Amino acid sequence: MPLIKIKRYPNRRLYDTSQSHYVNLDYIRELVIANQEFQIVDSKTDEDKTRSILIQIISEEETSERQSLLTNTLLKRLICFYGNDNQDYLQEFLEQSMSAFIEHQDDILKLSSGINKNSPFGLFSSIVEQNMNMWNKFKTPGDKK
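This text gives an overview of the structure that appears in the document. Please read these numbers as outputs of a predicted model, since none were measured by experiment. (Residues numbered from 1 in each chain as written. Predicted model: local features only at pLDDT ≥ 70, side-chain atom pairs only at ≥ 80, totals over all residues. Heavy atoms only, no water.)

Let's shift gears to the pattern of salt bridges. Counted under the stated rule, the structure contains 4 salt bridges. Its salt-bridge partner being Glu 47, residue Lys 49 comes within 3.7 Å of it at the nearest N-O pair. It is possible to trace a salt-bridge network through shared partners that takes in Arg 29, Glu 30 and Glu 61. (Salt bridge = Lys/Arg side-chain N within 4 Å of Asp/Glu carboxyl O.)

This is the structure:
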């Protein structure tokens, strides 16, 4: 699929140049869900605004009536990593963990529904353990905990 270029105008409106029409954040969210590559740029400077729009979508999802994904505890812990020596490690760990989770989520659901003796919590603990093993591979002897 080709890259979709979306322009963000000063009035905060978003314009999909591939389809020649204005779009909203729900449209951008659907592009993400469809795994469609896109880039959002400032209409005047061509500066990449994709990240700020994605953060805006997450913020709206977190404050909507739907169940929140990011707990206060998790948000506080993430904030502590900004500027921390381990920020790059955490970023890599989170990206790889999310990719592994997405890749194996169907298997996890099959296991949790097919085997009564293994609780979903037990399966989740196994995933966490695998992630921690992956994290430990990145750590060097001088790294702080």
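Having seen the model, we can carry on.
This part is about the sheet that holds strand S3 (residues 21-23). Ordered in space as S3-S2-S1-S4, the 4 strands form an open sheet in which the pairing is mixed. At either end of the open sheet lies a strand with only one pairing partner, and these are S3 and strand S4 (38-42). The mean inter-strand angle of the sheet, taken between neighbouring strand axes irrespective of direction, is 35°. Of the pairings in the sheet, the one linking strand S1 (residues 4-8) to strand S2 (residues 14-16) comprises 3 bridges and is antiparallel in character. When the bridges of S2 are listed, Lys 7 appears paired with Tyr 15. The strands touched by helix H2 (residues 50-63) are S1, S2 and S4; relative to S4, the strand with the most contacts, the crossing angle is about 110°. (Pairing = 2+ DSSP bridges. Helix = DSSP H or I, 4+ residues; strand = E, 2+ residues; numbered from the N terminus. Axes fitted to C-alpha atoms, helices over the stretch in contact; angles between N-to-C directions. Contact = heavy atoms within 4.5 Å.)

Ranked by size, the top nonpolar core spans 12 residues in total: Ile 4, Ile 6, Leu 14, Val 23, Leu 25, Tyr 27, Ile 28, Leu 31, Phe 38, Ile 40, Ile 53 and Ile 57. Listing elements by their share of this core, those giving two or more residues are S1, helix H1 (25-33), S4 and H2. At 4 residues, H1 tops the list of elements feeding residues into this core. Those residues in contact with Ile 53 that lie beyond four places of it in its chain are Arg 8, Leu 14, Leu 25, Ile 28 and Ile 40. (Core = buried A, V, L, I, M, F, W, Y, C linked by side-chain atoms within 4.5 Å. Buried < 20%, exposed > 50% of the residue type's maximum accessible area, 1.4 Å probe, protein only.)

Quick look at the packing of H1 against H2 now. Orientation of H1 relative to H2, taken along the N-to-C sense of each, is 100°, at an axis distance of 10 Å. Here H2 runs roughly perpendicular to H1, going by the angle between their axes. Side by side, H1 and H2 meet where Leu 25, Ile 28, Arg 29 and Val 32 of the first sit next to Ile 53, Leu 54, Gln 56, Ile 57, Glu 60 and Glu 61 of the second. Looking at the contact of H1 with H2, its residues break down into 6 nonpolar, 1 polar and 3 charged. (Parallel < 35°, antiparallel > 145°, perpendicular 65-115°, else oblique. Nonpolar A, V, L, I, M, F, W, Y, C, P; charged D, E, K, R; others polar.)

Burial of the side chains of S1 is restricted to one face: Ile 4, Ile 6 and Arg 8 are buried, whereas none of Lys 5 and Lys 7 on the reverse face is. The pairing of S1 with S4 spans 5 bridges and is classified as parallel. Residue pairing for S4: Ile 4 is matched across the bridge by Phe 38. Counting the residues between successive antiparallel strands, the hairpin from S1 to S2 contains 5 residues, one of them, Arg 12, with a positive phi of roughly 75°.

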